[in-house]
Amino acid sequence: MLILSAYHFRPTCRVILFLSLSLLISVSQAADYGSALQGKQSQAIKEHRLGSPRVIHSWSEQSSHLRSTLKSEPEASLKRIIAAESEFLSPESQAEYQLLLAEAYANLVMFNKTLEHVEQGLALVSKYPQPWLTQYFNLYKAEAFDQLGETQKGTELTQEAIEWADQRKDYELLFKAHIIRGIQHLTLGQNESAMANFQVARELSETHSLETEAAAMDYYKGFVYEYTRQDELALNEYTKLRDAFSGTQNKVMEVKAIYGMGRSSKNIGKLEEGAALLHLAAAKAEEIGFWQYSAYANKELSGYYLQKQQADEAIVVLEKARELFLQSGNPYMLMDVNFTLGRVGLQKQDLEMADKYLRLAQSYVKGDSMVPHQLSLDYAKMELLRLQGNTEGALIALKKLYGDYRRFTRKQNIEKLHELTTLYELKEKEALNKVLQKQTETQEILIQQRQQIYVYASIAGLVLVLSLLLLYLNSKRHRRKLQKLYNTDSLTNVSSRSYTLKRLEEEVSRAKRHRYEVSLAAIDIDFFKHINDQFGHGVGDKVLTEFGQICLQHFRVSDIVGRMGGEEFLVCLPHTSKVEAEKAFRSFINILGENPVINKLKGNPLTVSIGLVQIELALPLNDNLVRADKALYEAKDNGRNQIIVG
């Protein structure tokens with residue numbers, strides 16, 4: 001009976017079980033929903049307390065106030081911005097604050113710091129989309145990449161910003177983007193494109209009355225002229241810029257203008273005027289805490305001191321510039337200033353100093369934009385090897401340098417060819433579009449349009465041919481200059497040791513064939529070590545330089561004059577007997593003793609000891625060199641200031 005009842009109630013139990021489970025699931029879902037709702041309410045309360053993130057489309061009033069003195073007090077403005085950090089509380093204002101710091105450091109040319117704050121800002125806007133802030137962060141990132149030697153990494157960021165700003169008619173952002181793209185193209189050697197971008201920026205500033213005055217564009221125009229070695233045009237632009245901003249609140253642009261004037265003046269040979277302007281630029285830069293431009297000015301002043309043969313003064317300003325550039329981590333300028341210090345070491349024949357700074361310069365060379373810097377550095381290293389007596393290593397380095405230079409110029413030629421081809425294709429497409437748009441017009445207009453195409457093609461072809469011809473001639477000129485530098489002693493301008501021996505072998509070979517007399521003299525400046533010890537190496541270098549000039553003026557073009565090392569020289573007189581040669585050298589000694597420059601430097605006449613021989617053509621060249629050296633030592637042993645004929 002019980003079994004029967006249970007059997008009959010089984011369907012009912014099933015229903016009760018089903019209803020119980022359904023009720024249990026519903027209660028569970030209700031609990032989950034309640035938890036989710038409570039979480040959303042908590043988040044809403046939290047966001048309400050903090051303030052919901054708003055989308056930023058321009059600088060806030062607070063940021064605008066802090067930015068207002070960036071151009072007049074760049075360092076003081078940065079300090080005020082840093083002190084105001086606690087005033088930026090919301091997520092979006094914290095991101096805006098990082099952009100403010102990035103701009104302030106970029107204004108001070110401290111792009112290592114700019115990049116640091118850009119990355120912090122981008123991390124903040126990744127949580128709450130902020131397109132306007134993101135585009136500005138990307139622009140400063142691209143500018144930092146360019147200044148830190150990695151230009152290519154920022155080109156796509158700049159292009160994206162231009163497209164975004166153009167679509168939204170954000171002219172301030174578009175202006176900034178074209179400026180940065182112009183700087184990038186200038187770094188990459190695309191000078192025409194750089195100038196075009198700067199011109200677009202000027203037109204935007206004039207048309208829309210932007211924050212940056214159109215007159216400031218003269219700075220970038222001068223910059224392009226400097227890059228293309230048109231220093232007189234650059235000087236004109238910088239002078240206009242100085243006149244426009246002198247006495248205004250934009251002291252940053254005034255400093256840049258004066259610096260540009262000093263640099264350009266120095267480059268066109270106005271040394272004293274250029275040096276005065278560079279000193280003024282450094283002083284004005286330091287007044288407003290614009291330290292990187294003080295570093296630029298001191299770096300340029302080193303060139304003035306080196307041209308004045310004041311190596312010690314050049315080292316002082318270079319070391320000051322180097323310390324300031326270390327603060328910004330600018331690889332271009334750190335490479336440049338260390339390279340220049342290395343060149344000073346070569347000029348002073350302080351090989352330890354030269355090696356130290358050339359190694360430091362090498363550590364800052366990176367990226368395709370620094371290939372010309374690497375070529376200059378490789379040449380200096382080759383010269384160091386030569387001065388160290390490693391002639392074989394120097395020759396290997398020279399061959400490698402020549403190959404690298406050819407590859408570099410070939411790449412430039414190809415890029416120029418692509419640029420011209422693109423120009424031709426664009427003009428061809430423009431002409432074709434005009435034909436398609438006006439296909440319903442008269443036959444006469446169609447003929448005129450075709451004629452335009454032929455004119456464009458002819459002009460592009462002519463430009464291409466002329467450009468390639470100029471590039472070829474420029475390449476030949478550089479090769480000749482490179483060969484001349486290797487063959488010439490940098491201090492005295494007479495032949496280098498290796499080139500002297502090479503020419504001497506060739507001369508002796510000709511003399512053997514044509515049977516003519518050749519005289520050879522080994523010359524040593526008397527008591528030269530005393531000059532260095534008493535007056536310093538700077539005076540010693542000037543004496544050597546003047547001695548070289550006297551040699552080049554006194555001896556014939558066909559004569560061979562070379563520096564063998566230190567104060568030792570070798571002179572070869574073809575078609576000259578030793579009797580005639582002795583007369584020539586006595587005249588040389590008289591001229592040397594009467595030289596006013598040397599007499600003023602050391603206080604008394606300069607004397608030399610000379611060992612003179614007539615080359616015996618039957619003997620090897622080395623034996624004849626030994627004979628001349630033996631006669632020289634005899635002259636020195638006999639009391640110096642005399643000629644011994646061997």
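What you see is a predicted model, and the numbers here were worked out from it, not measured in a lab. (Residues numbered from 1 in each chain as written. Predicted model: local features only at pLDDT ≥ 70, side-chain atom pairs only at ≥ 80, totals over all residues. Heavy atoms only, no water.)

### Focus: the overall build of the protein
When helices and strands are tallied, the protein shows 26 helices and 5 strands. Carbon and sulfur atoms make up 55% of the accessible area of the protein, which totals about 34,300 Å². (Helix = DSSP H or I, 4+ residues; strand = E, 2+ residues; numbered from the N terminus. Areas by Shrake-Rupley, 256 points an atom, 1.4 Å probe, with all protein chains shown as cover.)

### Here's the deal with the sheet that holds strand 1 (residues 518-525)
Neighbouring strands of a sheet are bound in pairs by backbone hydrogen bonds; such pairs are parallel or else antiparallel. Spatial ordering of the open sheet is given by 2-3-1-4-5, a layout of 5 strands whose pairing is mixed. Two strands lie at the open edges of the sheet, namely strand 2 (560-565) and strand 5 (643-645), each paired on one side alone. Pairwise comparison of adjacent strand axes, ignoring direction, gives a mean angle of 20° for this sheet. Where strand 2 and strand 3 (residues 568-574) come together, 5 bridges link them in antiparallel fashion. Residue pairing for strand 3: Gly562 is matched across the bridge by Leu570. Taken strand by strand, helix 23 (residues 537-554) contacts strand 1, strand 2, strand 3 and strand 4 (608-614), and its axis lies near 160° from that of strand 1. Packing of helix 24 (residues 578-593) onto the sheet brings it into contact with strand 1, strand 3, strand 4 and strand 5, and relative to strand 4 it is tilted by some 165°. (Pairing = 2+ DSSP bridges. Axes fitted to C-alpha atoms, helices over the stretch in contact; angles between N-to-C directions. Contact = heavy atoms within 4.5 Å.)

### Topic: the environment of Ala380
Note on placement: Ala380 falls in helix 18 (residues 371-387). It is 9.7 Å that separates the C-alpha atoms of Ala380 and Asp355, two residues lying 25 residues apart in sequence. Contact partners of Ala380, with chain neighbours within four places excluded, come to Phe339, Arg343, Leu346 and Leu358.

### A look at the nonpolar core
Residues Ile81, Leu99, Trp132, Leu133, Ile179, Phe290 and Tyr293 are the most contacted members of the largest nonpolar core, which totals 103 residues. Excluding its chain neighbours within four sequence positions, the residues that come into contact with Leu99 are Trp59, Trp132, Leu133, Tyr136, Phe137 and Tyr140. Judged by nonpolar contacts, the second largest core, of 29 residues, contains Leu544, Leu573, Leu606 and Ile643. (Core = buried A, V, L, I, M, F, W, Y, C linked by side-chain atoms within 4.5 Å. Buried < 20%, exposed > 50% of the residue type's maximum accessible area, 1.4 Å probe, protein only.)

### Examining helix 4 (residues 91-107)
With 17 residues, helix 4 extends 25 Å from end C-alpha to end C-alpha; this agrees with the ideal 24 Å at 1.5 Å per step. Val109 sits one or two residues past helix 4 and shows a positive phi near 60°. (Expected span 1.5 Å × (residues − 1).)

### Details of the pairing of strand 3
In terms of burial, strand 3 is a largely internal element, 6 of the 7 residues being buried. Bridge count for strand 1 against strand 3 is 7 bridges, and the pairing is antiparallel. The residue bridging Ser519 from the neighbouring strand is Leu573, located in strand 3. Between strand 2 and the antiparallel strand that follows it, strand 3, lie 2 residues; Gly566 among them carries a positive phi value of about 60°.

### Re the environment of Gln347
Along the chain, the position of Gln347 falls in helix 16 (residues 331-347). For the pair Gln347 and Gln309, spaced 38 residues apart in sequence, the C-alpha to C-alpha distance is 9.8 Å. Here Gln347 is in contact with Leu306, Gln309, Leu491 and Asp541, once residues within four sequence places are set aside.

### Describing the pairing of strand 1
Summarising burial for strand 1: 8 of the 8 residues are buried, a large majority. The alternating pattern of strand 1 places Val518, Leu520, Ala522 and Asp524 and Ser519, Ala521, Ile523 and Ile525 on opposite faces, both of which are buried. Here strand 1 pairs with strand 4 via 7 bridges, running antiparallel. Bridge pairing links Asp524 to Ser609 in strand 4.

### Considering the side chain of Asn595
By the element assignment, Asn595 lies in the loop between helix 24 and helix 25 (596-602). A distance of 3.4 Å separates polar atoms of two side chains, one belonging to Asn595 and the other to Glu546. Filtering out sequence-adjacent residues up to four positions away, Asn595 remains in contact with Glu546 and Ile550. (Polar contact = N/O pair within 3.5 Å; in protein donor to acceptor, adjacent residues only side chain to side chain.)

### Here we look at the packing of helix 13 (residues 271-287) against helix 14 (residues 291-307)
The N-to-C vectors of helix 13 and helix 14 enclose an angle of 155°; their axes lie 8 Å apart at closest approach. Of the possible angle classes, the one that applies to helix 13 and helix 14 is roughly antiparallel. With respect to the hand of their crossing, helix 13 and helix 14 are arranged in left-handed fashion. Across from Leu271, Glu272, Ala275, Leu278, His279, Ala281, Ala282, Ala285 and Glu286 in helix 13, the residues of helix 14 making contact are Trp291, Tyr293, Ser294, Ala297, Asn298, Glu300, Leu301, Tyr304, Tyr305 and Gln307. (Parallel < 35°, antiparallel > 145°, perpendicular 65-115°, else oblique. Left-handed = near helix turned anticlockwise from the far one by under 90°.)

### What to know about the pattern of salt bridges
Within the structure shown, the criterion is met by 31 salt bridges. Of the charged contacts, one joins Lys320 and Glu286 as a salt bridge, the two residues approaching to 3.0 Å between their closest N and O atoms. Of this pair, Lys320 sits in helix 15 (residues 311-328) while Glu286 sits in helix 13; the two residues are 34 residues apart in sequence, bridging distant segments of the chain. Given the relative accessible area of 37%, Lys320 is considered partly exposed. A relative accessible area of 26% means that Glu286 is categorised as partly exposed. A salt bridge links Asp355 to Arg359; the shortest N-O distance between them is 3.0 Å. With Asp355 and Arg359 both in helix 17 (residues 351-363) and 4 residues apart, this pair spans about one turn of that helix. Relative accessible area serves as the criterion here: at 60%, Arg359 is assigned to the exposed category. (Salt bridge = Lys/Arg side-chain N within 4 Å of Asp/Glu carboxyl O.)

### Side note on the confidence of the model for the protein
Overall, the predicted model of the protein reaches an average pLDDT of 83, with 80% of residues at or above 70. Of the regions scoring below 50 in pLDDT, residues 1-51 engages in 1 contact with residues more than four places distant in sequence or in other chains. This stretch, residues 419-424, has a pLDDT under 50; its non-local contacts, to residues over four places away or in other chains, come to 7 contacts. (pLDDT = per-residue confidence, 0-100.)

### Re unusual backbone geometry
Despite not being glycine, Ser209 has its phi angle at roughly 50°, a positive value. In this structure, Ser209 sits in the loop between helix 9 (191-208) and helix 10 (217-227). When its relative accessible area of 63% is taken as the criterion, Ser209 is described as exposed.

### Some remarks on a negative patch on the surface
Residues Glu156, Glu160, Glu163 and Asp166 make up a contiguous surface patch of negative charge. By relative accessible area, Glu163 is classed as partly exposed at 43%. (Patch = residues over 30% accessible without salt bridge, like charges linked within 9 Å, V, L, I, M, F, W, Y side chains within 5 Å. Lys, Arg positive; Asp, Glu negative; His and termini not counted. Charge placed at Lys NZ, Arg CZ, Asp CG, Glu CD.)

### Some words on the packing of aromatic side chains
One pass over the full model with this rule turns up 18 aromatic pairs. Ring geometry for Tyr259 versus Tyr293: centroids 5.4 Å apart, planes at 90°, classification edge-to-face. Placement of the pair is Tyr259 in helix 12 (residues 251-267) and Tyr293 in helix 14, with a sequence separation of 34 residues. This pair shows no difference in class: Tyr259 is buried, exactly as Tyr293 is. Site record: aromatic cluster; members linked through ring pairs are Phe198, Tyr219, Tyr220, Phe223, Tyr227 and Tyr238. Note that Lys256 overlies the ring of Tyr219, its terminal NZ or CZ placed 5.1 Å from the centroid. (Phe/Tyr/Trp six-rings, centres within 6.5 Å; stacked < 30°, edge-to-face > 60°. Lys NZ or Arg CZ within 6 Å of the ring centre and 35° of its normal.)

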